[in-house]
Amino acid sequence: MRSWHRDIADFFFPRTCRVCGRVLMRNEEYLCVQCMLDMPRTDFGVQYDNAMAQLFYGKIVVERAVSYFYFTKGSDYRLLIHRIKYGGEKECGSYLGRMMARELVSTSFFEGIDYIVPVPLHRSKERKRGYNQSEWIAQGIADETHISLCADALVCRTHRESQTHKGIYDRYLATREVFELLPDNELRGCHVLLVDDVVTTGATLLACAEALFKGGVRRVSMATLAAAK
Ligand SMILES: [Zn+2]
């Protein structure tokens, strides 16, 4: 935004820090300088044998795995993820994706990565929410690294297991989300960076990575904004 536009906009509609709520200075975006400094960063970018990578040991081979910050119960940074995911603050997701990538550029994290692929949302969820937060985070990383974003090859579908003998509740439980890499994609033989908002057990990232490998992707790395601690 042009600076005088921003000054006028700030006067009438003050922008506030998405973590502490303080009114932002002219040069601050989404988070104040103090909250950027206090962010509980992980050291995953310089330590490849980290807690996130360990979630996948014995299951699949993950080249590199990184999270920007820790996601702890009751923390204001947890609220930040909530705003990005459910509160319509998708641009803040893109901004933090850019900031994470900027801090990782001095490491070898992005070396050899051909494409960035966001974890897809099921179509009905995306329609309801209006956007896929992981795609916005991935876009931020792509903007900073100039690695191509591929957001339409990996899809999420609902799979209903036929269990007609069971009650309504059990039938509901038998509905699960499955990921699939569509044919005719450009990812075959490539090294893909899979991007999500948060990693907790790693189950979603694992399911996505398995779908990528099944579809011919050769190597997978992972990045999330937050990691549960
Ligand atoms: Zn703040």
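Because the structure is a prediction, the values reported are computed rather than measured.

(A) Quick look at the overall build of the chain. Along its length, the chain carries nine helices and seven strands. Computed over the C-alpha atoms, the radius of gyration of the chain is 19 Å, within 12% of the 17 Å expected from 2.2 N^0.38 for a compact globule of 229 residues. With the C-alpha coordinates aligned to their principal axes, the bounding extent of the chain is approximately 60 × 45 × 35 Å. Long-range contacts, defined here as pairs at least 24 residues apart, represent 71% of the contacts in the chain between residues at least 6 apart.

(B) Molecular detail of the sheet that holds strand β1 (residues 65-71). Strand order across the open sheet formed by five strands is β1-β7-β6-β2-β3, with parallel pairing between neighbours. The open sheet has two edge strands, β1 and β3 (148-149), and neither has a second partner. Inspection of the sheet shows strand β6 (residues 191-199) paired to strand β7 (residues 219-228) by eight bridges, in the parallel sense. Bridge pairing in β7 links Val199 to Ala227.

(C) Fine view of the domain arrangement of the chain. As far as domains go, the chain holds domain 1 (1-38) and domain 2 (39-228). One C-alpha centre belongs to domain 1, the other to domain 2, and the line joining them spans 28 Å. Tallying the contact residues gives eight residues for domain 1 and eight residues for domain 2.

(D) Structural detail: helix α7 (residues 133-145). Look at α7: 19 Å from first C-alpha to last across 13 residues, which is about the 18 Å you get at 1.5 Å a residue. Among the residues making up α7, those that are buried are Gln133, Ser134, Glu135, Trp136, Ile137, Ala138, Gln139, Gly140, Ile141, Ala142 and Thr145. In this fold, the buried residues of α7 make contact with α4 (76-86), α5 (90-104), β2 (115-118), β3, β6 and β7. Backbone geometry just downstream of α7 places His146 in the positive-phi region, at approximately 60°.

(E) Structural detail: the packing of α5 against α7. Where α5 contacts α7, the two axes come as close as 7 Å, and the packing angle between them is 40°. It follows from the interaxial angle that α5 and α7 lie oblique. Relative to α7, α5 is oriented so that their crossing is right-handed. Taking contact as the criterion, the partners of Lys90, Gly93, Ser94, Tyr95, Leu96, Gly97, Arg98, Met100, Ala101 and Arg102 in α5 are, on α7, Gln133, Trp136, Ile137, Ala138, Gln139, Gly140, Ile141, Asp143, Glu144 and Thr145. In terms of residue class, the contact of α5 with α7 is made up of eight nonpolar, seven polar and five charged.

(F) View of the environment of Met25. Relative to the helices and strands, Met25 resides in the loop between α1 (3-12) and α2 (33-38). According to the C-beta neighbour criterion, Met25 is exposed, with 12 such atoms within 10 Å. Sequence spacing of Met25 and Val61 is 36 residues, and the spatial spacing of their C-alpha atoms is 44 Å.

(G) Region of interest: the pairing of β6. With seven of nine residues buried, β6 is to be regarded as a mostly interior element. Running through helix α9 (residues 203-214), the crossover from β6 to the neighbouring parallel element β7 is right-handed.

(H) Spatial organisation of the nonpolar core. Of all hydrophobic cores here, the largest spans 59 residues; its most connected members are Ile141, Val192, Leu194, Val195, Cys208 and Leu212. Each of two domains, domain 1 (1-38) and domain 2 (39-228), supplies a minimum of three residues to this core.

(I) Focus on unusual backbone geometry. Residue Tyr30 is not a glycine yet carries a positive backbone phi of 65°. Mapped onto the secondary structure, Tyr30 falls in the loop between α1 and α2. Residue Asp184 is not a glycine yet carries a positive backbone phi of 60°. Note on placement: Asp184 falls in the loop between β5 (175-181) and β6.

Analysis parameters
- Residues numbered from 1 in each chain as written.
- Predicted model: local features only at pLDDT ≥ 70, side-chain atom pairs only at ≥ 80, totals over all residues.
- Helix = DSSP H or I, 4+ residues; strand = E, 2+ residues; numbered from the N terminus.
- Rg over C-alpha atoms; globule rule 2.2 N^0.38 Å.
- Contact = placed C-beta atoms within 7 Å.
- Pairing = 2+ DSSP bridges.
- Domains from an automatic or database assignment.
- Expected span 1.5 Å × (residues − 1).
- Buried ≥ 20, exposed ≤ 12 C-beta atoms within 10 Å, placed from the backbone.
- Axes fitted to C-alpha atoms, helices over the stretch in contact; angles between N-to-C directions.
- Parallel < 35°, antiparallel > 145°, perpendicular 65-115°, else oblique.
- Left-handed = near helix turned anticlockwise from the far one by under 90°.
- Nonpolar A, V, L, I, M, F, W, Y, C, P; charged D, E, K, R; others polar.
- Right-handed = clockwise from strand over helix to strand, strands pointing away.
- Core = buried A, V, L, I, M, F, W, Y, C linked by C-beta atoms within 7 Å.

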